[in-house]
Structures are given as C-alpha cells and as structure tokens.
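Chain by chain, the residues:
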Amino acid sequence: MVRAMSGSSALTRPAVQLAALTALALAVRLYHLGGLPLWLDETFTVRHATVGVGQLWREGFNHPPLYFWLHQIVLPWAPSPAVMRAPSLVFGTLAIPAMYALAREFVAHRTALIAAALLALSSIHVEYSQEARPYALFYLVTLIVLWASARYARLCADVTRSQTPFWQSANGALALYALAATLLLYTHNMSVFVLAALGLVMLFWTFADWPRSRQMFVRWIAATAVCFIAAGPWLIQLARMSVYGTPQFDWLEHAAWTNALDKALSVQGLHHVNRFQPWINAALFVLACLGAVRAANPRRFLPFFVIFAVVMPLFVWLVGFYQPIFMTRTIIWSAIPVYIAWAVFATGLESLIMRAVAVVGFVFVSTASVVNYYFYPQVDNWPAAAETVMEQRAEDDLLVLCPAHVSTPLRVYSPPAIVSRPFQTLSGDTMISRAWDWRDRRVAELKADNALDRASRVVFVEANCDPQQVHDTVSLLASRGWAETFDWRPREFATTRIRVFVPSTSSESTAVP
C-alpha cells in the first residue's frame with residue numbers, strides 16, 4: 001500500500017508531469033517527420049548549410065547564420081528530409097518545458113501545465129517543428145528570453161528574498177536574458193520586434209511599481225544594449241545587404257487588413273482547419289481575452305498579453321506600408337501569451353465540470369487541427385520536378401527559371417549538370433545569392449543576349465512566378481516562332497509547371513535580333 005501511494009504521488013510531481021507532456025510533444029512531432037520531400041525554403045537550408053561559415057557570412061542569405069551553423073553539424077550524416085528536420089524537431093520539443101517555465105511566472109502549476117499542453121498540440125508549432133527552417137529555434141529562444149525577463153522582474157520586486165545562489169538570483173536571470181537575447185538576434189531578423197515588444201512590457205511593469213523598479217528597468221536596458229553590441233557584426237551585415245539590394249521580403253506584397261486579421265487569428269488559433277476556421281479562431285481569441293482579464297495578477301499578465309498578441313502584430317502589419325513583412329512566419333511569437341490565457345480561462349471557471357469541458361474542448365480542437373495538418377499537407381514534390389527536367393534535358397538546351405531561386409531545389413534533387421554547362425542557365429551560377437537582381441530582367445536578357453540563337457530548345461520551369469513574367473516570356477517565345485511541345489504540372493504540385501519549347505518549322509529561318 002505504501003509503495004502504491006508512493007508511486008501515485010510520484011506521478012503527480014510537476015517534473016514527472018512535465019516530462020510526460022514533453023514526451024507526448026516529441027511523439028507528435030516525430031510522426032511522419034521525413035515522409036515528405038523538402039519544400040522550396042527547406043532546400044535553401046541545404047544550400048546555406050553546405051557553404052562554409054565564412055562564405056555564409058560574406059555573401060549573406062538575409063537570415064542570421066546561427067541556425068545554419070547548427071545545421072552544419074547534422075548535414076554530414078545525410079541530407080535526407082528527416083535528418084535535415086531533426087534540429088527543428090529538438091528545438092520544437094524543448095519549447096514545451098520552456099513554455100511551462102514562462103507560464104509559471106504568471107500562473108499556478110496546473111494552469112501552466114495546460115498552457116504547455118496546448119503548445120504541444122498546436123498544429124502551427126508542430127508544422128515548424130517539422131520544417132528545416134529557423135522558426136522552431138526562434139520560438140524556443142523567444143520563450144527563454146521572455147521567461148528570463150519575467151523572472152528577473154519578479155525577483156527584483158521580491159524584497160523579502162535573502163542571499164541566493166547566482167543562478168537563482170535576479171542577476172542570474174538577467175545574465176540568462178542577455179545570453180538568450182543575443183542568440184535570438186543571431187536566429188531571426190524578427191527578433192528586433194520581439195525585443196521591442198518585450199521592452200514595452202518591461203516599461204509597463206516598471207511604471208506599475210515606480211519608483212522602486214526604476215533601477216530594474218535601467219539594468220534591463222543596459223543588458224539589451226550589450227546584446228545589440230554583441231550582435232553588431234550581423235546587424236551591420238544586414239544593413240549592408242539592405243543597402244546593396246538583397247532585401248529579405250522583396251517578393252512579399254502588403255497584406256490587406258482583412259487578410260492580415262485572418263492570418264493573425266489563425267496563428268493564435270487553429271491553423272489547419274479550413275471549414276468555419278475564421279469563426280472558430282475569432283471565438284478562441286475572445287476566450288483568450290477573457291482569460292487574460294481574469295488572470296491572478298492582471299497588472300503583470302495583461303500588458304504582456306495585449307502587447308504581444310494585439311499591438312505587435314498590428315505594428316508589423318503597419319510596417320508593411322513601407323516594407324511588407326507581415327506573414328504567418330513573422331508573427332508566430334504573438335501566440336505565446338494566448339496559450340497561457342486559454343489555460344487561465346479554462347481553469348478559472350467555477351465548477352469542476354465546466355473546467356473539464358473547457359480543457360477537453362481546447363485539447364480536442366487542437367488535436368483536430370494537428371490531424372488535419374497530418375492528412376492534408378502542402379506538398380512540394382521537387383524530386384518529381386527535378387526528375388522531369390532531367391528526363392527532358394538535352395545538349396544545348398536553355399533552362400529558363402522563374403523565379404531564379406528555383407535552381408536551389410533542382411540542385412538539391414539533381415546532379416549539378418542540371419543548372420550548369422552544357423545545360424545553359426540564363427541567370428548563370430550566381431543566381432543563388434543574387435536571385436532578386438535577375439528577376440525583372442528575364443525577358444530583356446532573352447531578347448538582348450541572343451540566348452535563343454544558341455539553344456536547340458527552351459525548358460521553362462516556373463514555380464509561384466509572377467503571372468506577368470510568365471506571360472511575357474511565353475509571348476516572346478511565341479513571337480519568335482517557338483512552339484510548346486511538353487507541359488508538366490503534377491496534381492499535388494500545382495504551383496510548379498515545366499514546359500518545353502522548340503523552334504517551329506516556320507520559324508527556323510527567322511533571325512533573332
């Protein structure tokens with residue numbers, strides 16, 4: 001009997017419960033990890049991780065280098081989808097205990113555990129944990145930054161604490177924040193917005209306990225300044241790339257406010273449920289707002305919720321009038337306080353039955369969204385596309401890519417000859433790092449370089465290409481007497497199209513100026 005009771009008490013320990021929840025999150029993220037081929041952006045990761053550290057830094061690929069440096073550790077194993085996604089799997093799983101630690105700064109153990117469970121079953125977080133891109137690492141380090149800052153503010157306000165070890169003190173929390181914030185700046189460029197939002201939260205917390213907390217805020221600002229100085233080499237490199245014409249979001253259009261609102265709600269709600277999704281997400285956000293208001297210490301949690309979940313997504317959208325940057329990936333961090341607010345709402349209901357129904361309801365809709373993500377994935381079948389191009393290629397063919405960075409997945413899934421001599425490529429071998437320069441000159445170069453004179457056929461590969469560019473290119477070929485003989489567009493990969501053009505009989509004697 002004593003042993004049974006001892007085992008039962010062990011299962012109720014916070015560490016055991018959190019470990020079980022983390023194991024569940026790992027299992028959810030492991031499922032079908034390598035089942036799909038790398039999609040377009042993931043092939044960029046292969047490219048970035050295969051170049052040397054110096055080249056990655058000198059040429060610049062618009063993303064900070066930390067994630068790709070870490071990727072160089074796993075790449076020698078094998079560039080398979082599962083191996084390439086393994087770092088994100090680890091970072092996404094570690095985000096669960098990080099979310100619990102952050103939530104514990106605002107709520108009790110049970111509520112924090114529910115918040116971590118909701119993140120574990122978040123379909124959008126599962127997606128980024130199964131993607132060979134920096135967003136899972138970005139999410140994890142953001143959670144650590146927020147946790148260290150909240151812990152630092154709480155310890156500074158606790159005047160009853162006696163001497164404690166450094167790692168348990170306010171200075172230890174501040175040191176952890178400085179380290180994590182520096183890593184955040186080397187992980188993703190949107191970290192500047194995260195730190196700006198956190199600065200506003202710290203300012204609200206400071207005024208709530210003024211003037212006693214004034215020194216706390218000054219020291220936090222000083223630590224943040226040190227982080228920016230430490231990240232100075234990358235920030236200078238980013239400024240240089242912006243000046244010399246390699247902007248990160250040149251392809252992105254500014255979102256209409258209705259589209260932006262829908263994206264923000266899907267990030268903070270259900271991301272992979274199509275039917276009735278806008279209404280469900282709106283209802284879930286209302287419940288999150290109710291939870292934020294009903295938090296045990298609203299003076300601490302409410303500013304955090306409002307600034308991260310409402311103010312900063314709106315600010316990112318407004319920045320888009322100057323430079324469009326608003327999309328799902330750039331605002332994923334805005335959902336962090338929402339999970340905590342949902343947990344507060346569910347555990348704050350009066351009766352046990354209502355609390356159970358709320359928790360089960362949140363878990364059910366989250367699980368349904370994850371299942372929908374599993375069974376209706378967005379597939380980029382680049383292996384089939386590369387195989388088709390290789391089957392169609394011939395000597396002296398001209399390969400026209402729209403946009404130019406389509407060469408990256410073709411290189412990953414094909415021999416190097418596919419985009420080098422004797423298989424001509426209009427944009428040359430520098431298009432990986434200078435893809436945007438060439439995009440608007442495609443048709444002009446087809447006319448001016450006499451490229452058609454030197455080609456026996458034209459293989460035209462397009463993927464999410466500007467429709468006007470496609471129309472102009474095809475119209476130019478038609479006007480010079482080139483006829484289409486092959487058209488390939490797989491059903492599951494409708495954004496990509498491969499067409500082959502050859503000179504028609506009537507145009508063989510036509511001169512190309």
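Sequence positions are assigned chain by chain, starting from 1 and proceeding in written order. The model is predicted, so local features are restricted to residues of pLDDT at least 70 and side-chain atom pairs to those at 80 or more, both for listing and for counting; the totals for chains, interfaces and linings are taken over all residues. Think of the side-chain values as coming from all heavy atoms in the structure, minus any hydrogens and water.

Peer 1: I keep staring at the packing of aromatic side chains and nothing clicks. Help me out?
Peer 2: Two aromatic rings are characterised by how far apart their centres lie and by the angle between their planes. Classification of ring pairs uses Phe, Tyr and Trp, with its six-membered ring standing for Trp, and accepts pairs whose centres are within 6.5 Å; under 30 degrees between planes counts as stacked, over 60 as edge-to-face, and the remaining range as tilted. This structure, assessed with the given rule, holds 18 aromatic pairs. Both rings, one in Phe106 and one in Trp205, keep their centres 6.2 Å apart while their planes meet at 50 degrees; by these two values the pair is tilted. Pair noted here: Phe106 is in the loop between α6 (81–104) and α7 (109–120) and Trp205 is in helix α11 (residues 191–208), with a separation of 99 residues, a long-range link. Only protein chains enter the accessibility calculation, which uses a 1.4 Å probe; a residue is then buried when its area is under 20% of its type maximum, exposed when over 50%, and partly exposed in between. Residue class for Trp205 comes out buried when judged on its relative accessible area of 9%. Summarising the aromatic geometry, the rings of Phe106 and Phe304 are spaced 5.3 Å apart at their centres and angled 5 degrees between planes, so their arrangement reads as stacked. Think of it this way: any DSSP run of H or I at least four residues long counts as a helix, any run of E at least two long counts as a strand, and we number them from the N terminus.

Peer 1: So what exactly am I meant to see when it comes to α7 here?
Peer 2: Residues spaced three or four apart along an α-helix face the same direction, because each turn holds 3.6 residues. In this scheme, a helix's expected span is set at 1.5 Å multiplied by one less than its residue total. Relative to the 16 Å expected for 12 residues at 1.5 Å per residue, α7 spans 16 Å between its end C-alpha atoms, a close match to the ideal helical length. Extensive coverage of α7 is indicated by the burial of 10 of its 12 residues. Those residues of α7 not exposed but buried are Thr111, Ala112, Leu113, Ile114, Ala115, Ala116, Ala117, Leu118, Leu119 and Ala120. Contacts are assigned to residue pairs with any non-hydrogen atoms lying within 4.5 Å of each other. Buried residues in α7 make contact with α2 (14–30), α6, α8 (123–129), α9 (135–157), α17 (336–347) and α18 (352–375).

Peer 1: Help me understand the packing of α7 against α17, please; the structure alone is not making it clear to me.
Peer 2: Working note: a packed helix pair is described by the angle between its axes plus the distance between those axes. Where α7 meets α17, the axes come as close as 8 Å, and the angle between the chain directions of the two elements is 130 degrees. When the axes of α7 and α17 are compared, the pair comes out oblique. As for how α7 packs across α17, the hand of that crossing is right-handed. Residues Thr111, Ile114, Ala115, Leu118 and Leu119 of α7 form the contact with α17, whose own contacting residues are Tyr339, Ile340, Trp342, Ala343, Val344 and Thr347. Gly is put with the polar residues, along with every residue not named as nonpolar or charged; the nonpolar set is Ala, Val, Leu, Ile, Met, Phe, Trp, Tyr, Cys and Pro, and the charged set is Asp, Glu, Lys and Arg. Of the residues in the contact of α7 with α17, the class split is nine nonpolar, two polar and no charged. Axes here mean lines fitted to C-alpha atoms, for a helix over just the part in contact, with angles spanning 0 to 180 degrees between N-to-C directions. An angle counts as roughly parallel when it lies under 35 degrees, as roughly antiparallel when it exceeds 145, as roughly perpendicular when it falls between 65 and 115, and as oblique in every other case. Two helices that cross are described as forming a left-handed crossing if the nearer one is turned anticlockwise from the farther one by less than a right angle, and a right-handed crossing if clockwise.

Peer 1: It is not clear to me how the side chain of Glu131 should be interpreted in this structure. Could you clarify?
Peer 2: Relative to the helices and strands, Glu131 is located in the loop between α8 and α9. Among the residues examined, Glu131 registers a relative accessible area of 6% and is labelled buried. Engagement of the side chain of Glu131 in a polar contact is seen with the side chain of Arg329, the distance being 2.5 Å. When sequence neighbours within four positions are dropped, the list of residues in contact with Glu131 reads Trp39, Glu42, Tyr67, Arg85, Ser88 and Arg329. Two N or O atoms form a polar contact when they lie within 3.5 Å of each other; inside protein one atom must be a possible hydrogen donor and the other a possible acceptor, and for residues adjacent in sequence the pair counts only when both atoms belong to side chains.

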